[in-house]
Amino acid sequence: GMFWDTEDHGTLFPDRCNAEGCIDDNLWRNIGTLYYYNVARGYGDGTYNPTGDVLHAQVLSFITRGMVTNGFWLQRPADPNLYG
């Protein structure tokens, strides 16, 4: 884990509740923590869409950002020789 489970940084996203119901307190607190650490940033319109589908690319971004934030991985600048 990322060792953040007990942290509470608040959540400013406006879409905790929708037609499917509301996100429980613990999960909503975790969403705020992921945002605080810049792991899960939400959408450009300021929403999070907590009940929406997550793309594989988004999951990889979450994992990568979490690992870099905790110092398990080092972020490197893009290498144009590897990725044209």
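Our subject is the structure listed above.
1. Concerning the state of the cysteines
Between two cysteines, a covalent bond joining their sulfur atoms is known as a disulfide.
Here's step 1: For the structure shown, the criterion picks out 1 disulfide.
Here's step 2: Between the sulfur of Cys17 and that of Cys22 lies a disulfide, 1.8 Å long from S to S. Its S-S torsion of about 110° marks the bond between Cys17 and Cys22 as right-handed, since a negative value means left-handed.
Here's step 3: The class of Cys22 is exposed, set by a relative accessible area of 53%.

2. Structural notes on helix α2 (residues 56–69)
An α-helical segment advances 3.6 residues per turn. Residues three or four places apart therefore align on the same side.
Here's step 1: Look at α2: 20 Å from first C-alpha to last across 14 residues, which is about the 20 Å you get at 1.5 Å a residue.
Here's step 2: Backbone geometry just after α2 places Gly71 at a positive phi near 80°.

3. Section: the packing of aromatic side chains
Here's step 1: A full pass over the atoms with the stated rule returns 4 aromatic pairs.
Here's step 2: Arranged with centres 4.2 Å apart and planes meeting at 10°, the rings of Trp4 and Tyr37 form a pair that is stacked. Here Tyr37 lies in the loop between α1 (25–36) and α2 and Trp4 lies in the segment before β1 (17–18), a separation of 33 residues in the sequence.
Here's step 3: Under the relative-accessibility criterion, Trp4 is labelled buried at 8%.
Here's step 4: The class for Tyr37 is partly exposed, based on a relative accessible area of 21%.
Here's step 5: Consider the rings of Phe13 and Tyr35, whose centres lie 5.3 Å apart with planes at 80°: the pair is edge-to-face. Of this pair, Phe13 sits in the segment before β1 while Tyr35 sits in helix α1, placing them 22 residues apart in sequence.
Here's step 6: We classify Phe13 as buried; its relative accessible area is 11%.

Criteria and cut-off values
- Residues numbered from 1 in each chain as written.
- Predicted model: local features only at pLDDT ≥ 70, side-chain atom pairs only at ≥ 80, totals over all residues.
- Heavy atoms only, no water.
- Disulfide = S-S within 2.5 Å.
- Buried < 20%, exposed > 50% of the residue type's maximum accessible area, 1.4 Å probe, protein only.
- Helix = DSSP H or I, 4+ residues; strand = E, 2+ residues; numbered from the N terminus.
- Expected span 1.5 Å × (residues − 1).
- Phe/Tyr/Trp six-rings, centres within 6.5 Å; stacked < 30°, edge-to-face > 60°.

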